[in-house]
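Residues per chain are reported as follows:
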Amino acid sequence: GESVGLHLPTLSVQEGDNSIINCAYSNSASDYFIWYKQESGKGPQFIIDIRSNMDKRQGQRVTVLLNKTVKHLSLQIAATQPGDSAVYFCAENSPGGNTGKLIFGQGTTLQVKP
Amino acid sequence: DGGITQSPKYLFRKEGQNVTLSCEQNLNHDAMYWYRQDPGQGLRLIYYSQIVNDFQKGDIAEGYSVSREKKESFPLTVTSAQKNPTAFYLCASSPRQGPGDQPQHFGDGTRLSIL
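Please read these numbers as outputs of a predicted model, since none were measured by experiment. (Residues numbered from 1 in each chain as written. Chains lettered and ligands numbered in written order. Predicted model: local features only at pLDDT ≥ 70, side-chain atom pairs only at ≥ 80, totals over all residues. Heavy atoms only, no water.)

Structural notes on the overall build of chain B
1) Next: Secondary structure assignment for chain B yields zero helices and 11 strands.
2) Next: Starting at the N terminus and walking to the C terminus, you meet the elements of chain B as β-β-β-β-β-β-β-β-β-β-β.
3) Next: Relative to the globule expectation of 13 Å for 115 residues, the C-alpha radius of gyration of chain B, 14 Å, shows essentially globular dimensions.
4) Next: Here the C-alpha coordinates of chain B stretch approximately 45 × 25 × 25 Å along the principal axes.
5) Next: For chain B, buried positions account for 50% of its 115 residues.
6) Next: Considering only contacts in chain B between residues 6 or more positions apart, those separated by 24 or more positions represent 53%.
7) Next: Each charge sign in chain B was given a centre, from 12 positive and 12 negative side chains, and these centres are 6 Å apart. (Helix = DSSP H or I, 4+ residues; strand = E, 2+ residues; numbered from the N terminus. Rg over C-alpha atoms; globule rule 2.2 N^0.38 Å. Buried < 20%, exposed > 50% of the residue type's maximum accessible area, 1.4 Å probe, protein only. Contact = heavy atoms within 4.5 Å. Lys, Arg positive; Asp, Glu negative; His and termini not counted. Charge placed at Lys NZ, Arg CZ, Asp CG, Glu CD.)

Laid out in structure tokens, this is it:
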């Protein structure tokens, strides 16, 4: 069935280092992917998205890479800061029907050590 | 500022009681969604609505009900039939889906607990 999952539940990095958070998806028909950041007690916050006709997209300090061959998505955060500490979710659209439904992974907790 | 407002932030339910969670958005979005989040888990879709006066069940609709009488409002009722309602409930909205998808924008959630 459809599923989106992350490879590691927790990632610990040193402040200033780059972080890479990985995500695997199972539905090859999915064509839209999003990364969200969720801080404790708050709702998910949109970070960056990418469509399947691209393999890389850059934002401010963040880059999303999409490898459709192996159905893998990653989020790279440059010069990680303490404020980046949060849970990060990847999500894919539910293909077919144009419903706008998203399928979420279980999340990776990013811990930034000072 | 435009955004999504969920209320209350914390809610307690007694046995056999129905409770209603509020979600209001001023983003002029057509589509709205309700998710449930359990500790250490991802988000699971309860109900969604793409247009006023229409809504569809998500993956875990049993024990929940919704209405969509106004574009800006999508309240969720947790009924007594939901035997394990303790969770963090998140409301989201997005523009009407067109040729390309758009991200969903989230409120800050309601935490529901059993008394």
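Having seen the structure, we can now continue with the description.
A few points about the interface of chain B and chain A
1) Next: Tallying the contact residues gives 24 residues for chain B and 22 residues for chain A.
2) Next: Overall, the association of chain B and chain A removes approximately 1800 Å² of surface from exposure, summing both partners, and the carbon and sulfur fraction of that is 49%.
3) Next: The interface formed by chain B and chain A holds zero salt bridges in total.
4) Next: For the pair chain B and chain A, the number of links is four residue pairs in polar contact (both at pLDDT 80 or more).
5) Next: Here the element with the most residues in the side of chain B that touches chain A is strand β5 (residues 43–51) of chain B; it accounts for four residues.
6) Next: Considered class by class, the residues forming the side of chain B that touches chain A number nine nonpolar, 11 polar and four charged. (Buried area = accessible area lost by both parts, 1.4 Å probe. Salt bridge = Lys/Arg side-chain N within 4 Å of Asp/Glu carboxyl O. Polar contact = N/O pair within 3.5 Å; in protein donor to acceptor, adjacent residues only side chain to side chain. Nonpolar A, V, L, I, M, F, W, Y, C, P; charged D, E, K, R; others polar.)

Structural notes on the confidence of the model for chain B
1) Next: In this model, chain B carries a mean pLDDT of 92, and residues with pLDDT of at least 70 account for 95%.
2) Next: In the model of chain B, strand β2 (residues 10–13) of chain B stands out as the element of lowest mean pLDDT, 92, in contrast to strand β7 (residues 64–66) of chain B, which has the highest, 98. (pLDDT = per-residue confidence, 0-100.)

Focus on the pairing of strand β9 (residues 87–94) of chain B
Residue and element names in this part refer to chain B.
1) Next: Counting buried positions over the eight residues of β9 gives eight, a clear majority of the element.
2) Next: Alternating residues of β9 divide into A87, Y89, C91 and S93 and F88, L90, A92 and S94, and every residue in both groups is buried.
3) Next: Pairing of strand β4 (residues 31–37) with β9, which is carried by seven bridges, proceeds in the antiparallel orientation. Residue pairing across strands places Y33 opposite A92, the latter belonging to β9.
4) Next: Where β9 and strand β11 (residues 110–114) come together, three bridges link them in antiparallel fashion. Residue pairing in the sheet places A87 in a bridge with L112 of β11.
5) Next: The sheet contact formed by β9 and strand β10 (residues 105–106) spans two bridges and is antiparallel. Looking at the pairing, A92 lines up with F106 of β10. (Pairing = 2+ DSSP bridges.)

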